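As a plain string of letters, each chain reads:
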Amino acid sequence: MNPDIVKERASATFDVEKLTNILEGGQEKTKRRREIESMVFSNPDFDEVDPNFLSCSERYDQAVKKSAHMIHKLREYGIADPDDIIFYKSTVKGNHHEALGLHFVMFLPTLRNQCDAQQLRKWLPLVESFQILGTYAQTEMGHGTHLRGLETTATYNPATQEFVMNSPTVSSIKWWPGGLGKTSNHAIVLAQLHTLGNCHGLHAFIVPLRDMDTHQPLPGIVVGDIGPKFGFQEVDNGFLKLENVRIPRENMLMKFSQVEPDGTYVKPPSEKLTYGTMVFIRAFIVADSARVLSKVATIAIRYSVVRHQSEIRPGQPEPQILEYQTQQYKLFPILATAYAYTFVGQYITKTYQRISGDISEGNFSELPELHALTAGLKAFTTWEASSAIEVCRMACGGHGYSRSSALPDIYVNFTPSCTYEGENTVMMLQTARYLVKSYQQAKAGQRLSGTVSYLNDMGTQRVQPQPVSARPIVVDVNDLSGLVELYKLRASILVELAAKSIQQELQRRKCPEDAWNNSAIDLVRASDAHCHYVVVKLFSDKLGEVGDAPIHSVLSTLALLYALHGITKNSGDFLQAGLLSVPQTRQISSSIKELLSLLRPNAVALVDAFDINDKILNSVLGRYDGNVYENLFEWARNSPLNATEVHESFHKYLKPLRSKL
């Protein structure tokens, strides 16, 4: 063990194991997760060549091999619990992606959620036995987040009781689905449904792509890989062009909407049910943002206590770089955010499961809020996490630039989440649409529930931005409950400002669409404020569940830092609304400095509590033992360029350059 990191762990003021259990939802879950990790790490078949030293084709081949072996082991060990499967899969893949990712997280859940009973009996055995390998083909070359703009068509022919699938334009070619290029033999394709001369919008269809024995593309199927991307090098993201592909009527997913044999269309109870898989994925992405932040915070903080550099006092030994206040200011808010998002992830997962249960019983009342909440939090958390990864990378200096740190790989593999499953700005605008509608309902006297219940005050009194001098300042900036109230008021004010902006645009005789577009900046700000309030409130609520006094103390410090740091980044909102005074913002800056000092002794213990195994972290800089330099040198020596002392290029190109004297 590096002596610096040993000293750091000795300074912890709380029981790390108890905090790990809180983060994972209980001691039994921690125990089970470690058992599953042990199954993976003890299996030599999962040992691999560092993907950074492989070509794209080699990386894909190695990823497919790992995915196939993982499936064999899941069967052998009888692992069937959904949480256990997630633990097993995340352990196997580490910081990279698995070749069959969309089969598990989109293809299979969509079948389970949108097939009727007869379809489930047909398709699930084929999928669960991996005779069918599936993907989810939604995004097209010309359209992504704007689902209504998708151009792929499915035209029903009553005479043959078939759908004819077509990609009518170049821009309608399906583009980006993971596993589509080479892996999958079936896809769930989202297409515009046409029957009896009418278009009924997007619906999901099961489309065979490849022969299940030879794996050759079927007639009318033009399919392949789209080439190298920014990350995801193990995944065969693909294209799909459909040329008069015929599928049986029963291949339309018909749990909620149907096409009868004569072509009659039966509407679903809610149009949003078609997008149920995306809601599930967005909820998953929120939790993934927390996992990513926990990884990068672990790497950067551990490295910052073993790296010594420069001088604070002339002539004194070089200090740990975590002793510098600027380093603490970079990293500790990210650490606090990792904890905040962990608790938000727990909440959104439970909420999704509860509302999904209601939907299965025919209750769709909470679906609009679930859609709005997952859309907004997906954008809010991924934007912040993407920025945080880069902050951590730069906080590690030159070594952070090396892929040995894992930070570049984490960045390129996570950042696309700001775009896939809904581009973030569009997601924020979808949340804003729900917020404006809720505001109008509250203004009309309707009582709201859930995360927008704070808008109920709109029905009885206006929350108006006022000059600071017109509003008494009574909030203690070191009181978390008071800060929750501030965030709530900020959200209320910005929602109202966005709604009023639309009204003003309409009064200028703008059409509703132009009024919305001309208010879009205010609408995104309102959604951001709403999501920020939800996160702060959930962090505060979580503290009420923690009985252990030392853990409660350190989590309270993290929660306070998260809330205060958020105010400093958005101080204009709080000042313009008269929620804070200028002297209070100065007090907040002083309070943040004090919180950094309070957290400093517990920094390593707080990342240890995430309990991320070295094999999963796969970072030379973030090693548990802190022995960075020895292992950094060893990692470099494994570079393929070091396989020979003299590379062949010397003899082929460099030596012939020499001119005779």
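All values reported here derive from a predicted model rather than from experimental measurement.

A. Examining the overall build of the protein chain more closely. Counting secondary structure elements, the protein chain contains 22 helices and 11 strands. In summary, the protein chain has a C-alpha radius of gyration of 27 Å against a globular reference of 26 Å for 661 residues, a match within 12%. Across its three principal directions, the C-alpha atoms of the protein chain cover 90 × 85 × 65 Å. Taking all 661 residues of the protein chain together, the buried fraction comes to 52%. Long-range contacts, defined here as pairs at least 24 residues apart, represent 74% of the contacts in the protein chain between residues at least 6 apart. Side-chain charges of the protein chain comprise 67 positive and 70 negative groups, with the mean position of each set lying 4 Å from the other.

B. Layout of the packing of aromatic side chains. Under the counting rule described, the total for this entry stands at 13 aromatic pairs. The interplanar angle of 70° and the centroid separation of 6.3 Å between the aromatic rings of Phe 46 and Tyr 88 together place this pair among those described as edge-to-face. Residue Phe 46 is found in the loop between helix H3 (27-41) and helix H4 (56-77), and its partner Tyr 88 is found in helix H5 (residues 82-93); the two are separated by 42 residues along the sequence. Taking relative accessible area as the criterion, Tyr 88 reaches 0% and is therefore assigned buried.

C. Structural detail: the pairing of strand E3 (residues 162-166). Relative to E3, strand E2 (residues 153-157) runs antiparallel, the two being bridged by 5 bridges. Residue pairing for E3: Tyr 156 is matched across the bridge by Phe 163. Taking the residues that link successive antiparallel strands as the turn, the E2-E3 hairpin has 4 residues, and the phi of Gln 161 there is positive, at about 55°. Relative to strand E9 (residues 245-248), E3 is paired through 4 bridges, and the arrangement is antiparallel.

D. Quick look at a nonpolar patch on the surface. On the surface, Met 1, Val 6 and Tyr 624 cluster together to form a nonpolar patch covering roughly 290 Å² of accessible area. Within the element layout of this structure, Tyr 624 appears in the loop between helix H20 (614-617) and helix H21 (628-637). Judged by relative accessible area, Tyr 624 falls into the partly exposed class, the value being 37%.

E. How the structure looks around the environment of Lys 267. Summarising the element assignment, Lys 267 is placed in the loop between strand E11 (265-266) and helix H8 (276-306). With 75 residues separating them in the primary sequence, Lys 267 and Gln 192 have C-alpha atoms 14 Å apart. Not counting chain neighbours up to four residues away, the residues in contact with Lys 267 comprise Phe 256 and Ser 257.

F. Structural context of the side chain of Thr 381. In this fold, Thr 381 is placed in helix H10 (residues 367-395). Within the structure, the side chain of Thr 381 is placed 2.7 Å from the backbone oxygen of Leu 377, a separation counted as a polar contact. If sequence neighbours within four positions are ignored, Thr 381 has contacts with Val 286, Ser 289 and Tyr 341.

G. Representation of empty space enclosed by the protein. Applying the stated criterion across every chain yields a total of 2 cavities of 30 Å³ or more. Space inside the largest cavity adds up to approximately 130 Å³. In this structure, the largest cavity is lined by 14 residues; those nearest its centre are Glu 48, Ala 63, Lys 66, His 97 and Glu 234. Elements with a minimum of two residues in the lining of the largest cavity: H4 and H5. For the lining of the largest cavity, a count of residues per class yields 4 nonpolar, 4 polar and 6 charged.

H. A look at the packing of H10 against helix H11 (residues 407-414). Following both chains from N to C, one finds H10 and H11 inclined at 160°, their axes separated by 10 Å at the closest point. Judged on the interaxial angle alone, H11 and H10 are roughly antiparallel. H11 is crossed by H10, and the crossing has left-handed handedness. Facing H10, whose interface residues are Thr 382, Ala 385, Ser 386, Ile 389, Glu 390, Cys 392 and Arg 393, H11 presents Leu 407, Ile 410, Tyr 411 and Phe 414.

I. Quick look at helix H2 (residues 16-24). Residues of H2 that are buried: Leu 19, Thr 20, Asn 21, Leu 23 and Glu 24. On its buried side, H2 packs onto H3, helix H9 (325-360), helix H16 (549-569) and helix H19 (603-608). Measuring from the backbone nitrogen of Glu 17 back to the side-chain oxygen at the start of H2 gives 2.9 Å, which picks out Asp 15 as the cap. Taken from the residues just after H2, Gly 25 is the one with a positive phi, measuring 90°.

J. Local environment of the confidence of the model for the protein chain. Across the protein chain, the average pLDDT comes to 92, with 96% of residues at 70 or higher. With pLDDT under 50 throughout, residues 465-470 is counted as low confidence; its partners more than four residues away or in other chains account for 13 contacts.

K. Up close: unusual backbone geometry. One non-glycine residue, His 215, lies in positive phi territory at about 70°. Assignment of secondary structure puts His 215 in the loop between strand E6 (198-208) and strand E7 (221-225). The exposure class assigned to His 215 is partly exposed, which follows from its relative accessible area of 29%. The phi torsion at Asn 244 lies on the positive side, around 55°, for a residue other than glycine. Position of Asn 244 among the secondary structure elements: in the loop between strand E8 (238-242) and E9.

Rules behind the numbers
- Residues numbered from 1 in each chain as written.
- Predicted model: local features only at pLDDT ≥ 70, side-chain atom pairs only at ≥ 80, totals over all residues.
- Heavy atoms only, no water.
- Helix = DSSP H or I, 4+ residues; strand = E, 2+ residues; numbered from the N terminus.
- Rg over C-alpha atoms; globule rule 2.2 N^0.38 Å.
- Buried < 20%, exposed > 50% of the residue type's maximum accessible area, 1.4 Å probe, protein only.
- Contact = heavy atoms within 4.5 Å.
- Lys, Arg positive; Asp, Glu negative; His and termini not counted.
- Charge placed at Lys NZ, Arg CZ, Asp CG, Glu CD.
- Phe/Tyr/Trp six-rings, centres within 6.5 Å; stacked < 30°, edge-to-face > 60°.
- Pairing = 2+ DSSP bridges.
- Patch = residues over 30% accessible without salt bridge, like charges linked within 9 Å, V, L, I, M, F, W, Y side chains within 5 Å.
- Areas by Shrake-Rupley, 256 points an atom, 1.4 Å probe, with all protein chains shown as cover.
- Salt bridge = Lys/Arg side-chain N within 4 Å of Asp/Glu carboxyl O.
- Polar contact = N/O pair within 3.5 Å; in protein donor to acceptor, adjacent residues only side chain to side chain.
- 1 Å grid on protein atoms, 1.4 Å probe; cavity = no way out; pocket = protein on both sides within 12 Å on 5 of 7 lines; lining within 4 Å.
- Points joined across faces, edges and corners; volume = space filled by probe spheres on them.
- Nonpolar A, V, L, I, M, F, W, Y, C, P; charged D, E, K, R; others polar.
- Axes fitted to C-alpha atoms, helices over the stretch in contact; angles between N-to-C directions.
- Parallel < 35°, antiparallel > 145°, perpendicular 65-115°, else oblique.
- Left-handed = near helix turned anticlockwise from the far one by under 90°.
- pLDDT = per-residue confidence, 0-100.

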